[in-house]
Amino acid sequence: MQSFGRFLFIANLPLTVTLLFWAWAGRVLFGVGGWFLLILPLMAGPFVVVALVISNVLAYTVATRPRRFTTAQSIAHLVMWFGMLGFGLFLPDFGDSEDSELSFLTQVFGHSDRLIELSGQLALGFALLTLAGWVATLVTVIVARARAVPPQFTYAR
């Protein structure tokens, strides 16, 4: 698992940025593009970017050698990335015209109100999974930092 943790440590930043763009605009690859392409980066974008910057800065400044993710950090990152992938895939979008509610599921299986509702529920589930993965990432990084830092003061008797 140590080499896999090293691989994820190296792939962390490019993969996180790629999945961030995927969650924002990945639906466009399936012909789903609407107002969320403008709303997401303006409303949620700053919060998501700050959250990812915090977790990545903490992850990259853990004083361990060799530079790698622990098993817990690797699992937390994989959960977060899987959530981002699913959110970008299933988020339904809307537009100005009738029948403009589209999602990956409606593009594959045909337009239906039930599929739009299912897409919204799946997107919400993946968003919660992303949030849980981010919190787990933050907790595992803080624990790793606490374990890696030697005590600063020693008392001689």
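Look up: the structure comes first, before these words.
Anyway, here's the lowdown on the structure attached to this text. (Residues numbered from 1 in each chain as written. Predicted model: local features only at pLDDT ≥ 70, side-chain atom pairs only at ≥ 80, totals over all residues. Heavy atoms only, no water.)

1. Observations regarding the packing of helix 3 (residues 71-90) against helix 5 (residues 113-148)
Working note: a packed helix pair is described by the angle between its axes plus the distance between those axes. Two numbers describe how helix 3 lies on helix 5: the axes approach to 7 Å, and their chain directions differ by 155 degrees. Taken as axis vectors, helix 3 and helix 5 run roughly antiparallel relative to one another. Between helix 3 and helix 5 lies a crossing whose hand is left-handed. (Axes fitted to C-alpha atoms, helices over the stretch in contact; angles between N-to-C directions. Helix = DSSP H or I, 4+ residues; strand = E, 2+ residues; numbered from the N terminus. Parallel < 35°, antiparallel > 145°, perpendicular 65-115°, else oblique. Left-handed = near helix turned anticlockwise from the far one by under 90°.)

2. Observations concerning the packing of helix 2 (residues 36-60) against helix 5
Contact geometry of helix 2 with helix 5 gives a least axis separation of 9 Å together with a crossing angle of 30 degrees. As judged from the angle between their axes, helix 2 and helix 5 are roughly parallel. Helix 2 and helix 5 meet at a crossing whose hand is left-handed. Residue-level contacts link Ala51, Leu52, Ile54, Ser55, Leu58 and Ala59 of helix 2 to Trp134, Thr137, Leu138, Val141, Ile142 and Arg145 of helix 5. Split into classes, the residues belonging to the contact of helix 2 with helix 5 amount to nine nonpolar, two polar and one charged. (Contact = heavy atoms within 4.5 Å. Nonpolar A, V, L, I, M, F, W, Y, C, P; charged D, E, K, R; others polar.)

So yeah, pure geometry; function would need other evidence.
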